[in-house]
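# Structural features, examined
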Amino acid sequence: MTILSVFRRDETNVGDWNCCPGRLLQLEPRQEADILDLPRNWREGAVIVGGGGLIAETFRPHMEQLRGLGRNGPLIAWGIGESLNIDRQGGVVLPYHGPLPDYLSSFDLVGLRDWGTQYPWAPCPSCLLARFDEPPEISRHEIVVYEHKRIPVPIEGLPRLSNNGSDIEKVLSFLASAEVVITNSYHGAYWATLLGRRVVAIPNMSKMYRLRHAPVLSVAERWRRAVDLAEPYPKALAECRSATLDFYDKVLTLIGSTSYSQ
């Protein structure tokens, strides 16, 4: 069965570019499509949507389009997450407590990277990257800032990098270089945690409240106090990988099921 991998296929956002499960696990034969540029009619087989923060108003019409896509295989959401409250000016937002979109009910299998929803937890499959196996010793900095490319973190005097680009090796090396990472990027918080670093998150987007291994949340002005409260999660990598492989088994079972019908 041919698989269509749908995600935000954006080389200018390192998190979006490196969260596709089909690039990290054996899911072949496979084609890729950007969520913003879906094929008009897909009749080859399964559609796997994810990962990334695709449960957002920006992507709603495209997610709605998926359930109307002609298909001869299952529709699967894998490692997607909610980002329904957002302040692009850098203000802190509250968690989103409303219902998740009803288009999710049209999927044959749903696994969300968000913790504590009615759906199974399927963390971003980027946890499978070999780079996390032996994170380097803290080498250069006590604290660094990793920011969303369109929402700068207003903290001066600390080394900083943004999520602009596709070079994940550069990003992981930067995150691993410090004991503490201050970030308003979902993947910044996620990857720093998997590297064993302590994380302080600025919640400019509601997805920052949804991490299974919760960072300390803070406004930028109080970052020093927040750093003192941050703790590592030594079991996070193993837990994320175990959940990812469990969901992978579910996907393979569904894709290979001879009883599947449209």
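Note that the coordinates shown come from a computational prediction; the quantities given were computed from them, not determined experimentally. (Residues numbered from 1 in each chain as written. Predicted model: local features only at pLDDT ≥ 70, side-chain atom pairs only at ≥ 80, totals over all residues. Heavy atoms only, no water.)

## Observations concerning the layout of surface pockets
Formally: The definitions used throughout rest on a 1 Å grid laid over the protein atoms alone, on which a cavity is an enclosed set of points accommodating a 1.4 Å probe that cannot get out and a pocket is an open set flanked by protein within 12 Å on both sides along at least five of seven lines; lining residues are those having an atom within 4 Å of a point. Grid points are joined across faces, edges and corners, and a volume is the space filled by probe spheres set on the points. The numbering of helices and of strands both runs from the N terminus, where a helix is a DSSP run of H or I of at least 4 residues and a strand a run of E of at least 2. We call Asp, Glu, Lys and Arg charged. Ala, Val, Leu, Ile, Met, Phe, Trp, Tyr, Cys and Pro are nonpolar, and the rest, Gly among them, are polar.
For the largest pocket, the calculated volume is near 520 Å³. In this structure, the largest pocket is lined by 30 residues; those nearest its centre are Gly53, Phe59, His148, Arg150 and Lys207. Of all the secondary-structure elements, those providing two or more residues to the lining of the largest pocket are helix H1 (14–17), strand E4 (52–55) and helix H4 (186–194). A per-class count over the lining of the largest pocket returns ten nonpolar, eleven polar and nine charged.

## A look at the packing of H4 against helix H6 (residues 236–255)
Our working definition: Throughout, an axis means a line fitted to C-alpha atoms (over the contacting stretch in the case of helices), and angles, computed between N-to-C directions, take values from 0 to 180 degrees. Should an angle fall under 35 degrees it is taken as roughly parallel, and over 145 as roughly antiparallel, whereas 65 to 115 is taken as roughly perpendicular and any remaining angle as oblique. Contacts are assigned to residue pairs that have any heavy atoms within 4.5 Å of one another.
Here H4 crosses H6 at 110°, and the two axes come no closer than 8 Å. By the criterion of interaxial angle, the relationship of H4 to H6 is roughly perpendicular. The segment H4 lies against H6, with Tyr190, Thr193 and Leu194 engaging Ala236, Leu237 and Cys240. Looking at side-chain class alone, the contact of H4 with H6 contains five nonpolar, one polar and no charged residues.

## Points about the sheet that holds strand E7 (residues 141–147)
This is how it is decided: Any two strands between which DSSP finds at least two bridges are classified as paired.
As summarised here, the arrangement of the five strands in space is E8-E7-E9-E10-E11, forming an open sheet in which the pairing is parallel. Two strands lie at the open edges of the sheet, namely strand E8 (160–162) and strand E11 (216–217), each paired on one side alone. Relative to strand E9 (residues 178–183), E7 is paired through five bridges, and the arrangement is parallel. Paired with Val145 across the strands is Ile182, a residue of E9. Across the sheet, helix H3 (residues 168–176) is in contact with E7, E8 and E9; its angle to E7 comes to roughly 140°.

## Re the nonpolar core
Rules: Residues belong to a common nonpolar core when they are buried Ala, Val, Leu, Ile, Met, Phe, Trp, Tyr or Cys residues joined through side-chain atoms within 4.5 Å. When accessible area is computed with a 1.4 Å probe and restricted to protein chains, residues below 20% of their type maximum are described as buried, those above 50% as exposed, and intermediate ones as partly exposed.
Tyr146, Leu175, Tyr190, Trp191 and Leu194 are the most contacted members of the largest nonpolar core, which totals 32 residues. At the level of elements, E7, H3, E9, H4, strand E10 (198–201) and H6 are the ones that each hand at least two residues to this core. Leaving out residues up to four positions away in the same chain, Leu194 has contacts with Cys127, Phe132, Ala236, Leu237 and Cys240. Counting residues in each nonpolar core, the second largest holds 26 residues, with Val6, Val47, Leu54 and Tyr103 among its members.

## Observations regarding H6
Applicable threshold: Expected span of a helix: the number of residues minus one, times 1.5 Å. Directions drawn from the helix axis to the C-beta atoms are what define this arc.
When the terminal C-alpha atoms of H6 are compared, their 28 Å separation across 20 residues agrees well with the 28 Å that a helix rising 1.5 Å per residue should span. Of the residues making up H6, those classed as buried are Ala236, Leu237, Cys240, Arg241, Ala243, Thr244, Phe247, Tyr248, Val251, Leu254 and Ile255. Along the axis of H6, the buried residues cluster in a sector spanning 165°; they form a single face. Structural note: H6 exposes Ala238 and Thr253 on the side pointing more than 90 degrees away from its buried face. Considering only its buried residues, H6 is in contact with strand E1 (2–7), strand E3 (45–49), strand E5 (75–82), strand E6 (109–112) and H4.

## A few points about the state of the cysteines
Threshold: We call a pair of cysteine sulfur atoms a disulfide when they lie within 2.5 Å.
Within the structure shown, the criterion is met by zero disulfides. This cysteine, Cys19, is not joined by any disulfide, and Cys124 carries the nearest cysteine sulfur, 5.2 Å off. A residue is classified by how much of its surface remains accessible, and Cys19, at 0% relative accessible area, is buried. Unpaired in this structure, Cys127 has its nearest cysteine sulfur neighbour in Cys240, at a distance of 5.4 Å. A residue is classified by how much of its surface remains accessible, and Cys127, at 0% relative accessible area, is buried.

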